[in-house]
Amino acid sequence: MNKFELHTRIKALKARLKLQKPEIITNPVQKDELVEQDLCGKDLCDLDHSTIKLLSGDLQVFNDYTFRYYILDFIDFYERFGDEAIIEDMFIQAFAPPMRRARAKQFSRDEVKIIIDFLQKHYENITRITHSKKYKNLKLYEQDEIYIPFKHFEKEIKSAIKFWEKYYKGKNL
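**Let's talk about unusual backbone geometry**
A positive phi angle is found at Lys18, which is not glycine, with a value near 50°. Examined against the element boundaries, Lys18 turns out to sit in the loop between helix 1 (3-17) and helix 2 (33-39). By relative accessible area, Lys18 is classed as exposed at 64%. Even without being a glycine, Phe150 presents a positive backbone phi close to 65°. With respect to the helices and strands, Phe150 occurs in the loop between helix 9 (140-145) and helix 10 (154-170).

Structure follows, in structure tokens:
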């Protein structure tokens, strides 16, 4: 799946779902006024890149509906603009257990498929490189010099894939 295909899939799916922009962004327990001000009534494309990057670190405080509304846009944004677009560790943690199951259950089968495809693509990229003989023969400092998106989150991504696949298989749509 290349960037353009993903962008097209996400755009078409969002048009088909016709989700309403959330009026409240953060969950009541972790209310964050700055996140509310930055995002309320807006789409990610309305924001500058530095604001989007900061918001990628705030995904954990999004309420469930807001998370659903924006997560595919964050995936799309990351795929189009790379590692400068998001805060990697916070972004990956947003997909991984112990995510509340209620949050995962709200997604349609097509949304979950995009999430799984995104995670799987990056997991395969990490393992293809880091499990190769050539990579393993490098010294540790040489390995660290090689940029591989989400390299330090291989286990978290694998766990997230299993988590989302469970819901994908359980959807009877």
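**Quick notes on the packing of aromatic side chains**
Taken as a whole, this structure holds 16 aromatic pairs when the rule is applied. Measuring from ring centre to ring centre gives 6.1 Å for Phe67 and Phe107, while their planes differ by 85°; the resulting arrangement is edge-to-face. Of the two residues, Phe67 sits in helix 4 (residues 64-81) while Phe107 sits in the loop between helix 6 (101-105) and helix 7 (109-130), which places them 40 residues apart along the sequence. Overall, Phe107 belongs to the buried group, its relative accessible area being 1%. Taken together, the ring pairs in this structure connect Phe62, Tyr65, Tyr69, Tyr70 and Phe74 into an aromatic cluster. Positioned over the ring face of Tyr69 is Lys14, at 4.2 Å from the centre of the ring. For the cation-ring pair, Arg103 lies above Phe67, with the distance from its terminal atom to the ring centre recorded as 4.3 Å.

**What to know about the nonpolar core**
Residues Phe62, Phe91, Phe95, Leu119, Phe150 and Trp164 are the most contacted members of the largest nonpolar core, which totals 49 residues. Listed by contribution, the elements that provide at least two residues to this core are helix 1, helix 2, helix 3 (49-56), helix 4, helix 5 (88-93), helix 7 and helix 10. Top contributing element to this core by residue count: helix 4, with nine residues. Apart from the residues within four sequence positions on either side, Leu119 is in contact with Ile92, Phe95, Ile157, Ala160, Ile161 and Trp164.

**Considering the pattern of salt bridges**
A full pass over the atoms with the stated rule returns 10 salt bridges. In this structure, Asp117 and Arg9 form a salt bridge, with 3.0 Å as the shortest nitrogen-oxygen distance. Remark: Arg9 occurs in helix 1 and Asp117 occurs in helix 7; sequence separation between them is 108 residues. Residue classification places Asp117 among the buried residues on the basis of a relative accessible area of 18%. The residue Arg16 makes a salt bridge to Asp110 at a minimum N-O spacing of 2.4 Å.

**Re the packing of helix 1 against helix 7**
Where helix 1 meets helix 7, the axes come as close as 11 Å, and the angle between the chain directions of the two elements is 160°. With respect to helix 7, the element helix 1 is oriented roughly antiparallel. Handedness of the helix 1/helix 7 crossing: left-handed. Contacts between helix 1 and helix 7 pair Leu6, Arg9, Ile10, Leu13, Arg16 and Leu17 from the former with Asp110, Glu111, Lys113, Ile114 and Asp117 from the latter. When grouped by side-chain class, the residues that make up the contact of helix 1 with helix 7 number five nonpolar, no polar and six charged.

**Observations regarding the packing of helix 1 against helix 4**
Running from N to C, helix 1 and helix 4 cross one another at 165°; their axes reach a closest spacing of 9 Å. In terms of their interaxial angle, helix 1 and helix 4 are classed as roughly antiparallel. Two packed elements cross with a definite hand, and for helix 1 against helix 4 that hand is left-handed. Where helix 1 abuts helix 4, its residues Lys3, Leu6, His7, Ile10, Leu13, Lys14 and Leu17 lie against Arg68, Tyr69, Leu72, Asp73, Ile75, Asp76, Glu79 and Arg80.

Analysis parameters
Residues numbered from 1 in each chain as written. Predicted model: local features only at pLDDT ≥ 70, side-chain atom pairs only at ≥ 80, totals over all residues. Heavy atoms only, no water. Helix = DSSP H or I, 4+ residues; strand = E, 2+ residues; numbered from the N terminus. Buried < 20%, exposed > 50% of the residue type's maximum accessible area, 1.4 Å probe, protein only. Phe/Tyr/Trp six-rings, centres within 6.5 Å; stacked < 30°, edge-to-face > 60°. Lys NZ or Arg CZ within 6 Å of the ring centre and 35° of its normal. Core = buried A, V, L, I, M, F, W, Y, C linked by side-chain atoms within 4.5 Å. Contact = heavy atoms within 4.5 Å. Salt bridge = Lys/Arg side-chain N within 4 Å of Asp/Glu carboxyl O. Axes fitted to C-alpha atoms, helices over the stretch in contact; angles between N-to-C directions. Parallel < 35°, antiparallel > 145°, perpendicular 65-115°, else oblique. Left-handed = near helix turned anticlockwise from the far one by under 90°. Nonpolar A, V, L, I, M, F, W, Y, C, P; charged D, E, K, R; others polar.

So yeah, pure geometry; function would need other evidence.
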